[in-house]
Amino acid sequence: MKNKNMNNIINHLKKFGFVYQSSKIYGGLANTWDYGHLGILLIKNIKNLWWKEFITKSNNVIGLESKIILNNKVWEASGHISNFLDSLIENKVNGKRYRVDHIIKKINPSINIEKLSNLEIETWIKKNVKKWENEKTNWGKIKKFNLMFETYQGPVVDLKSKVYLRPEIAQGIFINFMNIQRTSRLKIPFGVGQIGKSFRNEVTPRNFIFRTREFEQMELEYFVKPGEDEKIYNEYINKVENFLKILGLKNTTRKKHNNKELAHYAKATTDIEYDFPFGKGELLGISNRTDYDLKNHAKHSGKKIEYKDPNTNEKYIPYVIEPSIGVDRLMLALLIDAYKIEELKNDKRIILKLDKKIAPYKIAVVPLNKKNHSKFAKKILNILLNKNISTTYDENGSIGRRYRRQDAIGTPYVITIIDKTKKEKKVTIRHRDTMKQEEIFLDEIDKYL
Ligand code: GAP
């Protein structure tokens with residue numbers, strides 16, 4: 001999506017209070033963003049829809065809220081301590097570290113890095129990359145860098161008190177598998193969903209909220225009988241694409257991982273990609289995690305983790321199909337998709353064509369004339385708020401500017417209180433996308449929602 005300018009979009013979102021640069025008064029913190037009221041409303045709508053589509057609508061999927069900090073053995077068993085690593089090389093000229101796979105991919109994408117040893121990669125980079133990011137190079141040795149954030153639990157800072165912030169929310173579900181199965185009495189296949197923060201000490205966080213070190217995930221772990229995994233994996237790919245359509249995002253593509261690209265736990269993964277202004281990128285992924293996680297937790301904990309089929313008494317460790325979606329990344333794609341600049345006759349307008357299901361406000365109430373109509377407008381505002389409809393109010397400035405402001409934050413409808421409102425119970429309703437206005441009776445408002 002090269003025709004959209006990322007900086008313009010970021011400035012727009014900052015201007016209207018969707019996002020703020022975090023810690024700005026202290027000079028900011030690299031690639032860290034806070035969400036303002038409109039951003040939160042949008043995120044809540046996305047998360048609520050996910051919960052509805054993946055959990056509420058299924059009679060065999062339930063929720064969980066597990067902790068960010070877990071016993072370290074969880075990360076040993078899951079493979080994150082030994083596998084969640086990036087290989088970095090330092091340019092001693094500027095003291096910066098770079099991911100070796102990024103360097104090689106940029107200089108010679110045909111090289112298969114998986115087939116090379118660290119020494120071979122290091123030698124290749126030293127020989128072929130004499131300049132990097134406009135800087136002369138003096139490369140050091142390749143070092144492995146774990147992406148998990150570390151902190152310490154309790155007053156003593158030593159190896160024994162070291163803990164990690166979770167890099168994915170899925171593990172909280174796996175370690176609770178037996179609790180969940182026993183208390184819910186669900187039969188396989190069944191699923192467990194969770195929404196929560198994840199942390200990764202990314203070497204190169206970038207592209208606004210696309211890749212950050214603190215982010216939120218919506219993950220579903222769907223437990224199935226081995227042998228039925230492939231069918232359900234494909235079903236979930238379709239289900240996730242359907243979810244994106246419900247949110248109003250249509251232009252996405254599938255990318256199946258080849259063996260070299262698979263995470264240490266996955267047998268198969270399909271990414272859903274979106275064409276961001278900075279290039280095509282992974283929006284979310286659906287993986288077949290097999291029995292990798294449950295098996296390893298059983299092994300490391302010494303506890304029995306298995307499922308007994310109540311009809312056949314057959315015992316097995318279920319396979320897991322996992323659709324995993326980054327909330328921030330999905331919000332970014334939705335905002336980019338919605339952002340439009342429309343040339344009008346003597347003017348232009350910026351509009352966020354968000355689907356009305358996720359728009360921060362569904363309605364704005366504006367009095368045509370502050371002096372004459374604001375009292376009644378506030379009455380209508382309160383009626384809508386009491387009905388739990390996300391509504392905003394604006395009485396300042398020209399009516400045209402107020403309409404533009406609502407276009408810019410994606411409000412699908414503006415209700416204008418006019419002279420006829422009090423006597424005839426009529427208002428005008430303005431449609432964001434067409435800018436058409438029509439007169440309707442007050443009690444017809446509900447039908448637009
Ligand atoms: N449990 C599986 C898992 O975490 P992943 O592909 O590493 O898989 C899933 O992450 C999704 O989480 C990604 O597709 C993306 O939407 C989001 N995500 C991952 N890392 C992120 C980051 N650093 N910043 C923002 N979102 C991220």
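Predicted model only: the values in this text are computed from it and were never measured.

1. Considerations on the pairing of strand S18 (residues 319–326)
Among the eight residues in S18, eight count as buried, and that is most of the element. Alternating positions in S18 separate into two faces, Tyr319, Ile321, Pro323 and Ile325 on one and Val320, Glu322, Ser324 and Gly326 on the other, with burial throughout. Of the pairings in the sheet, the one linking strand S12 (residues 214–224) to S18 comprises six bridges and is antiparallel in character. Counterpart to Phe223 in the pairing with S18 is Val320. Pairing of strand S15 (residues 279–290) with S18 involves six bridges; the strand directions are antiparallel. Its bridge partner being in S18, Gly285 is matched across the sheet by Ser324.

2. Concerning the sheet that holds S18
Strand pairs in the sheet, formed through backbone hydrogen bonds, run parallel or antiparallel to each other. As summarised here, the arrangement of the seven strands in space is S3-S11-S12-S18-S15-S14-S13, forming an open sheet in which the pairing is mixed. Strands with a single pairing partner mark the edges of an open sheet, and in this sheet they are strand S3 (61–63) and strand S13 (252–256). In this sheet, adjacent strand axes meet at a mean angle of 25° when their direction is disregarded. Both S13 and strand S14 (residues 268–276) contribute to a ladder of five bridges, which runs antiparallel. Looking across to S14, one finds that Lys255 is bridged to Asp271. Most of the contacts of helix H9 (residues 229–247) go to S15, to which it runs at about 145°, and overall it touches S12, S13, S14, S15 and S18.

3. Observations regarding unusual backbone geometry
The omega angle of the peptide bond from Ile188 to Pro189 is 5°, so this bond is cis rather than trans. Within the secondary structure, Pro189 sits in the loop between helix H8 (177–184) and strand S11 (190–199). With a phi close to 50°, Asn31 is a non-glycine residue in the positive phi region. When you line up the elements, Asn31 lands in the loop between strand S1 (19–21) and strand S2 (33–35). Classification of Asn31 by relative accessible area gives partly exposed; the value is 21%. Located in the positive-phi region is Asn388, a residue other than glycine, with phi close to 70°. With respect to the helices, strands and loops of the structure, Asn388 is situated in the loop between helix H12 (370–386) and strand S22 (391–393). Judged by its relative accessible area of 73%, Asn388 is exposed.

4. Some thoughts on the site of the ligand
In the vicinity of the ligand lie 19 residues, with Glu168, Arg200, Glu219, Glu282 and Leu283 positioned nearest. For the ligand, an oxygen atom lies 2.8 Å from a polar atom in the side chain of Arg200. Burial of the ligand by the protein chains amounts to 90% of its free accessible area of 550 Å². Residue assignment for the shell around the ligand shows that the elements contributing at least two residues are S12, S15 and S18. For the shell around the ligand, the element with the most residues is S15, which contributes five residues. Residues of the shell around the ligand, tallied by class, amount to five nonpolar, five polar and nine charged.

Cut-offs applied
Residues numbered from 1 in each chain as written. Predicted model: local features only at pLDDT ≥ 70, side-chain atom pairs only at ≥ 80, totals over all residues. Heavy atoms only, no water. Buried < 20%, exposed > 50% of the residue type's maximum accessible area, 1.4 Å probe, protein only. Helix = DSSP H or I, 4+ residues; strand = E, 2+ residues; numbered from the N terminus. Pairing = 2+ DSSP bridges. Axes fitted to C-alpha atoms, helices over the stretch in contact; angles between N-to-C directions. Contact = heavy atoms within 4.5 Å. Near = heavy atom within 4 Å. Polar contact = N/O pair within 3.5 Å; in protein donor to acceptor, adjacent residues only side chain to side chain. Areas by Shrake-Rupley, 256 points an atom, 1.4 Å probe, with all protein chains shown as cover. Nonpolar A, V, L, I, M, F, W, Y, C, P; charged D, E, K, R; others polar.

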